[in-house]
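Listed below are the residues making up each chain.
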Amino acid sequence: MSPIDMLSLLKNGNEDKAGVSGVKGCCVPDTFTATLYERTTEEESRKIYFSETIISRDLANKRLAEDFTKDNVTTSTIALCTESGAILYVFTRATKQCTRVQWPKCPINPGLYCFSSNGTLDASFSLGAGPGALDVQVWGYSSAVYGGEVIISPDNCVPVATAFETRAISTDTKYISAVLYTDVTLSISDPSVFVPPPYCDTEEDGETLTFDRPEFDIRGARHWGRFAPFR
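Novice: Just checking my understanding: could you explain the environment of Asp190 for this structure?
Specialist: The residue Asp190 is located in the loop between strand E11 (174-185) and strand E12 (206-210) in this model. Note: C-alpha distance between Asp190 and Ser56 (134 residues apart in sequence) is 9.4 Å. In terms of polar contacts, Asp190 uses its side chain to reach the side chain of Ser192, at 2.6 Å.

Novice: Before we go on, may I ask you to explain the nonpolar core in this structure?
Specialist: Proteins that are soluble and globular tend to have nonpolar side chains buried together. Core analysis: the biggest nonpolar cluster contains 27 residues, and Phe32, Leu36, Leu59, Leu64, Leu88, Tyr113 and Phe115 have the highest contact counts within it. Listed in part, the 11 residues of the second largest apolar core include Ile78, Phe91, Phe194 and Cys200.

Novice: Help me understand the state of the cysteines, please; the structure alone is not making it clear to me.
Specialist: A covalent bond between the sulfur atoms of two cysteines is referred to as a disulfide. Scanning the model with the defined rule gives four disulfides in all. One disulfide bridge connects Cys26 with Cys157, the sulfur atoms lying 1.9 Å from each other. Its S-S torsion of about 75° marks the bond between Cys26 and Cys157 as right-handed, since a negative value means left-handed. In this pair, Cys26 is assigned in the segment before strand E1 (31-42) and Cys157 in the loop between strand E9 (146-153) and strand E10 (158-167), connecting sequence segments 131 residues apart. Given a relative accessible area of 3%, Cys157 falls into the buried group. Disulfide pairing is shown between Cys81 and Cys106; the S-S distance is 1.7 Å.

Novice: For this particular structure, what's the right way to read a nonpolar patch on the surface?
Specialist: Judged by side-chain polarity, Phe125, Leu127 and Leu134 come together as a nonpolar surface patch covering roughly 220 Å² of accessible area. The topology assignment puts Phe125 in strand E7 (residues 120-127).

Novice: Can you walk me through the pattern of salt bridges in this structure?
Specialist: For side chains of opposite charge, pairing can occur when their charged atoms come near one another. Inspection of the entire model under this criterion finds five salt bridges. For Lys174, the salt bridge identified is with Glu43, shortest N-O distance 3.5 Å. In this pair, Lys174 is assigned in strand E11 and Glu43 in the loop between E1 and strand E2 (48-58), connecting sequence segments 131 residues apart. A relative accessible area of 33% places Glu43 in the partly exposed class.

Novice: Help me understand the confidence of the model for the protein chain, please; the structure alone is not making it clear to me.
Specialist: Low pLDDT means the predicted atomic positions in that stretch should not be read closely. Residues with a pLDDT of 70 or more make up 74% of the protein chain, whose mean pLDDT is 76. Across residues 1-22 the pLDDT falls below 50, and counting only partners more than four positions away or on other chains, this stretch makes 49 contacts in the model. Here residues 211-231 is modelled with pLDDT under 50, and outside its nearest four sequence neighbours on either side it reaches 93 contacts, counting other chains as well.

Novice: Honestly, the pairing of strand E3 (residues 63-70) in this entry has me stumped. Any pointers?
Specialist: Residues in a regular strand point their side chains to alternate faces of the sheet. Two strands pair when backbone bridges link them, and E2 and E3 are joined in this way by seven bridges, in the antiparallel orientation. Note that in E3 the partner of Glu52 across the bridge is Thr69. The turn joining E2 and E3, which pair antiparallel and follow one another in sequence, is formed by four residues; a positive phi near 55° is taken by Lys62. Relative to strand E4 (residues 73-82), E3 runs antiparallel, the two sharing eight bridges. Within E4, the position partnered with Leu64 by the bridge is Ala79. Between the end of E3 and the start of E4, which pair antiparallel, lie two residues, with Asp71 showing a positive phi angle near 55°.

Novice: Sorry if this is basic, but what is going on with the pairing of E1 here?
Specialist: Of all 12 residues that make up E1, nine are buried, and the element is covered over most of its length. Sheet topology places E1 next to E2; 11 bridges connect them, and they run antiparallel. Paired with Thr35 across the strands is Ile54, a residue of E2. Here E1 hands over to E2 after five residues, with Arg46 in that stretch at a positive phi of 65°.

Novice: Honestly, the environment of Leu186 in this entry has me stumped. Any pointers?
Specialist: Along the polypeptide, Leu186 turns up in the loop between E11 and E12. Along the primary structure Leu186 and Thr33 are separated by 153 residues, whereas in three dimensions their C-alpha atoms are 6.4 Å apart. Apart from residues lying up to four places away in sequence, Leu186 is in contact with Pro29, Thr31, Phe32, Asn156 and Val158.

What counts and how
- Residues numbered from 1 in each chain as written.
- Predicted model: local features only at pLDDT ≥ 70, side-chain atom pairs only at ≥ 80, totals over all residues.
- Heavy atoms only, no water.
- Helix = DSSP H or I, 4+ residues; strand = E, 2+ residues; numbered from the N terminus.
- Polar contact = N/O pair within 3.5 Å; in protein donor to acceptor, adjacent residues only side chain to side chain.
- Core = buried A, V, L, I, M, F, W, Y, C linked by side-chain atoms within 4.5 Å.
- Buried < 20%, exposed > 50% of the residue type's maximum accessible area, 1.4 Å probe, protein only.
- Disulfide = S-S within 2.5 Å.
- Patch = residues over 30% accessible without salt bridge, like charges linked within 9 Å, V, L, I, M, F, W, Y side chains within 5 Å.
- Areas by Shrake-Rupley, 256 points an atom, 1.4 Å probe, with all protein chains shown as cover.
- Salt bridge = Lys/Arg side-chain N within 4 Å of Asp/Glu carboxyl O.
- pLDDT = per-residue confidence, 0-100.
- Contact = heavy atoms within 4.5 Å.
- Pairing = 2+ DSSP bridges.

So this is what it looks like as structure tokens:
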């Protein structure tokens, strides 16, 4: 998936935040870091892809960051709100190439990542045993381009794992993916992850794209919009 595919938006239509129970319709904590491991299979060719993503979310300060690694190549992204809107930096440290994507409005706000309330509770169980056991719930979701299940901790709405099927709209190619969330913390240990490298601020080294579509939603970021049915 190319970096600009982060701009794709997946929605499931139900915007009602009221009248939900358990984790149905809950919101992921505003401060959140995790390492994600994904295994994706292209159904027709049976090709298998592996990737690792380190994500950092600091919604109170309106900033997001992630490092996506596939085939030993890491692509980094940072989204920051400014006085005039917001800017997304997409860059590769190995080649020092950077693209800037600008928005006229800030799309990052507390409570940004909330699960759609049109899911169904499929199972509840515990991972592990004894006092360290983790209670989780399994929620199923389905839409025209998405179908699968999300495992969530009901205590704090933190994702544990997902398994899902998606279709590429342009080619109708079907993908089956499984994602595991590890090293989850509800804090930001290294604020420097939100600082773009110097070469992203020079016109000769970076390309700037401007998006002013009001329907754009930052929740379409690669490893949130695809991995969970956020509304």
